[in-house]
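Secondary and tertiary structure notes
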Amino acid sequence: MRKKPGNKKLGSVMATAALSCALAVTGCSQYASSGELRSREQSRRSESQASETGPGQSILSDGQEDEDVFEGAETSRLETERTTAPMPEFEAVQDEVYVKSEGGGSVRIRSSCDTGDNSNILTLAGPGARLSRTGKNDKWTRVEINGAPGYISTEYITTEAPETKAVSGNTYAGSGTVTLDPSWKYAEFSKINTGAAVMYRSEAADKKNITVCVNAGHGTSGGGSVKTLCHPDGTPKVTGGTTSAGATTAVAVSSGMTFLDGTPESKVTLAMAKTFKDKLLAAGYDVLMIRESDDVQLDNVARTVIANNASDCHIALHWDSTESDKGAFYMSVPNVESYRNMEPVKSNWQRHNALGESLVSGLKGADVKIFSGGSMEMDLTQTSYSTVPSIDIELGDKASDYSQAALDRLAEGLVAGVNQYFGR
Ligand SMILES: [Zn+2]
C-alpha cells in the first residue's frame, strides 16, 4: 500500500523516470515497442488503482505523493526523447508560438532539457496555448514562463495561431444573473438550484473574451442535508475524502471547515472569490461568480453545470481541513482507469489537470507556499460533471494566513496561472 514509510517516493520517482524515458517518441536508444509500453502502463495503472481504492483509506491528510498524475499514455506521448547532454545550443528568436497536440493532450514545459527527471516540470500547456519563444533548435524550443526560461519539445510548437474557438469554446453571450437551465446536460442531477450565478464582463482595454467561473467553495444553507449522485452514471467514488470511497452519493454542498481562529471556510472563500474576480476583470477576463453572499442555493452539481454552459474554465476555491499550514495544491483527477474512462471525465481530465498545474505554477511564481508536489488525487462531484477545464484548488488550510494581503497574493498567482493556461 502507498502508506509504507521509507522508499515510496524514491521508488515512484524512479519508476516515473523509467516510464518517461521508455515512452520516448523518436530516436531514443532505450526505445521500447508500443506493446511493451502498453503492458507496462497497464501494470502500473492496476498497481496504483489497487492502492488507491483500498478500504478505509482517507487520503485527505496523509501528504501522499502524486508524481504519477501526468503519466497516462496520452500525455506521456507528448515528449521528446530523453536528453541528458548539457544545455543544447539555441538559435535566438523573439516571437510568439502556439502549442499543437493532435490528441488534445497537454505538453510539458521544463526548466531544463531533460525528460528523465520530472522534478523539472514547470507547467503543462494545453493545445493552442500562446508562448513567447526566445530560442529554438530541432529538438527543443525555449520559451518564457513567468519571466524565466522554460523548454518544450519543438515537435509540439507551431507558429500558426489556432482558431479563436480552439481556446475559447464558450458561446454564452448573456450578462447579469445565470440560472440553471433544466435542458443543460446533467442539470437533472442537481437537487438545489433556485439560486443564480452572476456574469461580469470585463471592461479592460485588453479584453480576453474568455470567461472564468469563480466558485467560492461551500455556502449553501441546507446543502449538507441533501444528497446528489457522485457520478452521473451512478457508479461509486474511487477515492476517499469527505465522502468515502465506494459511496454513490455525497452531500449536495458540505458546510466546509473552520479556521483555527473560528472563521468558517465559506467566509474566506467568498472574500477570496471577490478579490480574484477584481483581478481577473482588470486583466481582461470575464467572470462568472457562483456565489456573492453567505448563501447561494446552488449545489455542487448546479454550480458545475452552470460553469459548463457559461464559462471557459471553472475554478473552485477552498482551504483544506489540516492544521499544518501545509501550502496550496489542486485536487487532481485520480489515476484510476474506470474513472478516467467515464464521461465526461474521459474527454476532459487532461484539461482539468493542466489547469491545476498552471494554477499551481502561477501560485509558485507569486511565492505562495506549495504543498508537496502541488496536487492530490481526489474524485470530486465537480470533476465528475465538468465539461470545461475545471479544478478544485486548496489555497492553504486551517492554519493559513487569510489576511487581505495574503488573499491578494493568492489572487495574483491564480491570475498568472489562468494566463498561463490560456497562453495569454
Ligand atoms: Zn472546502
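Notes on the structure in this doc start here. Since we're looking at a predicted model, the values are computed, not measured.

Attention now moves to the coordination of the zinc ion. Taken together, the protein donors to the zinc ion comprise His 218 (NE2), Glu 265 (OE) and His 318 (ND1), at separations of 2.1 Å. Ordering the donors of the zinc ion by residue number gives the pattern H-x46-E-x52-H. Linking His 218 in the loop between β10 (211-216) and β11 (227-229) with His 318 in strand β14 (residues 313-320), this pair joins segments that are 100 residues apart in sequence. The pair His 218 / His 318 is uniform in exposure class, with both members buried.

According to the stated counting rule, one finds nine salt bridges in the structure shown. In this structure, Arg 201 and Asp 286 form a salt bridge, with 3.1 Å as the shortest nitrogen-oxygen distance. Here Arg 201, found in the loop between β9 (197-200) and β10, pairs with Asp 286, found in strand β13 (residues 286-289); they are 85 residues apart in sequence, far enough to count as distant. Judged by relative accessible area, Arg 201 falls into the partly exposed class, the value being 27%. A salt bridge links Asp 206 to Lys 208, with the nearest nitrogen and oxygen atoms 3.2 Å apart. Several salt bridges share partner residues, and in doing so they unite Arg 201, Lys 207 and Asp 286 into one network.

Turning next to unusual backbone geometry. In the segment running from Glu 343 into Pro 344, the intervening peptide bond is cis, with an omega of 5°. Along the chain, Pro 344 falls in the loop between α7 (337-340) and α8 (345-365). The residue Tyr 186 is not glycine, and still its phi comes out positive at about 75°. Phi at Asp 325 is positive, roughly 50°, even though this residue is not glycine.

Bringing the environment of Asn 335 into the picture now. Within the secondary structure, Asn 335 is located in the loop between β15 (328-332) and α7. Residue class for Asn 335 comes out buried when judged on its relative accessible area of 2%. Sequence separation of Asn 335 and Met 378 is 43 residues, and the distance between their C-alpha atoms is 9.4 Å. Polar side-chain contacts of Asn 335 include one of 3.3 Å to the side chain of Arg 340.

Applying the stated rule across the entire model yields eight aromatic pairs. When the centroid spacing of 5.7 Å and the interplanar angle of 85° are considered together, the rings of Tyr 186 and Tyr 385 count as edge-to-face. Of this pair, Tyr 186 sits in the loop between β8 (176-178) and β9 while Tyr 385 sits in helix α9 (residues 381-385), placing them 199 residues apart in sequence. The residues Tyr 186 and Tyr 385 share a single accessibility class, namely buried. Considering the side-chain rings of Tyr 421 and Phe 422, the 5.0 Å spacing of their centres and the 85° angle between planes classify their relative orientation as edge-to-face. Overall, Tyr 421 belongs to the buried group, its relative accessible area being 9%. Site record: aromatic cluster; members linked through ring pairs are Tyr 186, Phe 189 and Tyr 385.

What follows concerns the nonpolar core. In this structure, Met 272, Phe 276, Ile 315, Leu 317 and Ile 393 are the most contacted members of the largest nonpolar core, which totals 42 residues. Those elements that provide at least two residues to this core are β10, α5 (265-282), β13, β14, β15, α8, β17 (390-397) and α10 (404-422). The biggest single contributor to this core is α10, with eight residues. For Met 272, the contacting residues outside a window of four places in its chain are Leu 317, Trp 319, Leu 395, Leu 407, Leu 410, Ala 411 and Leu 414. One finds Ala 197, Leu 288, Ile 290 and Leu 298 within the second-largest nonpolar core, a separate group that totals 19 residues.

About the thresholds
Residues numbered from 1 in each chain as written. Predicted model: local features only at pLDDT ≥ 70, side-chain atom pairs only at ≥ 80, totals over all residues. Heavy atoms only, no water. Donors = N, O, S within 2.8 Å, 3.2 Å for Na, K, Ca; no water. Helix = DSSP H or I, 4+ residues; strand = E, 2+ residues; numbered from the N terminus. Buried < 20%, exposed > 50% of the residue type's maximum accessible area, 1.4 Å probe, protein only. Salt bridge = Lys/Arg side-chain N within 4 Å of Asp/Glu carboxyl O. Polar contact = N/O pair within 3.5 Å; in protein donor to acceptor, adjacent residues only side chain to side chain. Phe/Tyr/Trp six-rings, centres within 6.5 Å; stacked < 30°, edge-to-face > 60°. Core = buried A, V, L, I, M, F, W, Y, C linked by side-chain atoms within 4.5 Å. Contact = heavy atoms within 4.5 Å.

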